[in-house]
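# Residue-level structure breakdown
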Amino acid sequence: MTEGDTTEQTIKETERRFVEEVWNGRQYDRIAEMHTEDFLGHWFDPEQDPTDLAGLERFIKTAHEGFSDFEMTIEFMHVDESTVTAGFTVTGTHDGEYMGIPATDEPGDTRGIWVHRYEDGKIAEAWAAWDALGQLQQLGVIPEQFSLASFLETGASLATRGILKRSHSD
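The written sequence of each chain sets the order in which its residues are numbered from 1. Residue-level local features of this predicted model are given only where pLDDT is at least 70; pairs of side-chain atoms are given and counted only at 80 or more, and the full residue set underlies all totals for whole chains, interfaces and linings. Only hydrogens and water are set aside when side-chain values are computed; all heavy atoms of the structure are taken into account.

Along the backbone of the protein chain there are five helices and five strands. Ordering the α and β elements of the protein chain from the N terminus gives α-α-β-α-β-β-β-β-α-α. Residues classed as buried in the protein chain amount to 38% of the 170 residues present. In this description, contact between two residues means that some pair of their heavy atoms is separated by no more than 4.5 Å. Looking at the protein chain alone, contacts between residues at least 24 apart form 53% of all its contacts between residues at least 6 apart. Strands here mean DSSP runs of E at least two residues long; helices mean DSSP runs of H or I at least four residues long; both are numbered from the N terminus. The rule is simple: take the accessible area with a 1.4 Å probe, protein chains only, and divide by the maximum for that residue type; under 20% is buried, over 50% is exposed, in between is partly exposed.

Next up, the structure:
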């Protein structure tokens, strides 16, 4: 891809490479190659929001540490000028700590969507959302059926185990 190359074909190729080489292939050195130096990522990151390239790499590594058999599949892509929207499915077994949650050894799959904005042929900005509630339910961390009592019990259990922490003071 040449400098400034943001055609639909090259954007789709970069998206596929990002999934195959970085997310599935664990080639973290490719992240900087596919993203601008001043990349901004907008999603849940307890340490930094928005996040930069280092935060993106940390986020991806956290997923790999929590799910050793992590696999992402792109379900669809739609390119509109320099922006791509992609739907994805992630599968894996929760066999390591993930975002403070000890391994449950439960398999699961999660669906999500991201939007990447390109500049000069590289990903400059990203927004992402996924079914985090469904993921936590599959892992057995949160009950599948909610009631106020189960919600409070789950919150108390997560707080007791140090997973749920207050983020501000009164």
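We now examine the packing of helix α1 (residues 8–23) against helix α3 (residues 53–66). To obtain an axis, a line is fitted to C-alpha atoms, over the contacting stretch when the element is a helix, and the angle between two such axes runs from 0 to 180 degrees between their N-to-C directions. Interaxial distance between α1 and α3 falls to 12 Å at its minimum, and their mutual angle equals 60 degrees. In terms of orientation, α1 and α3 fall into the oblique class. Residues Phe18, Val22 and Trp23 of α1 pack against Leu56, Phe59, Ile60, Ala63 and His64 of α3. Following the grouping adopted for this structure description, the nonpolar residues are Ala, Val, Leu, Ile, Met, Phe, Trp, Tyr, Cys and Pro, the charged ones are Asp, Glu, Lys and Arg, and the polar ones are all others, Gly among them. Residue composition of the contact of α1 with α3, by class: seven nonpolar, one polar and no charged. Here the angle decides the label: under 35 degrees means roughly parallel, over 145 means roughly antiparallel, 65 to 115 means roughly perpendicular, and every other value means oblique.

Looking now at the sheet that holds strand β4 (residues 107–119). Whether two strands pair depends on DSSP finding at least two bridges between them. Taken in spatial order, the five strands line up as β1-β5-β4-β3-β2 in an open sheet, and their pairing is mixed. Single-partner strands in this sheet number two, and they are β1 (35–42) and β2 (71–80). On average, each strand axis in the sheet is inclined to that of its neighbour by 20 degrees, with strand direction left out of account. Two elements, β4 and strand β5 (residues 122–130), share eight bridges in a ladder whose sense is antiparallel. Paired with histidine 116 across the two strands is alanine 126, which belongs to β5.

As a further point, take α1. The end-to-end C-alpha distance of α1, which contains 16 residues, comes to 21 Å, matching closely the 22 Å that a straight helix rising 1.5 Å per residue would cover. Looking only at α1, the buried set comprises Thr10, Ile11, Thr14, Glu15, Phe18, Val19, Glu21, Val22 and Trp23. How far a helix is expected to stretch is found by multiplying one less than its residue total by 1.5 Å.

With 14 residues, α3 extends 20 Å between its outermost C-alpha atoms, agreeing within 8% with the 20 Å of an ideal straight helix rising 1.5 Å per residue. Listed as buried for α3 are Leu53, Gly55, Leu56, Phe59, Ile60, Ala63, His64 and Gly66. Check the buried side of α3 and you find it contacts α1, α2 (30–34), β1, β3 (83–93) and β5. Put simply, aspartate 52 is the residue that caps the front of α3, since its side-chain oxygen is 3.2 Å from the backbone nitrogen of alanine 54. Contacts described as polar in this section are N or O atom pairs within 3.5 Å, which, within protein, must combine one atom able to donate a hydrogen with one able to accept it, while residues neighboring in sequence count only if both atoms come from side chains.

This part covers the confidence of the model for the protein chain. In predicted models, pLDDT denotes the confidence assigned by the predictor to each residue on a 0 to 100 scale. In this model, the protein chain carries a mean pLDDT of 86, and residues with pLDDT of at least 70 account for 85%. Confidence drops under pLDDT 50 across residues 166–170; counting only partners more than four residues distant or on other chains, this segment forms zero contacts.

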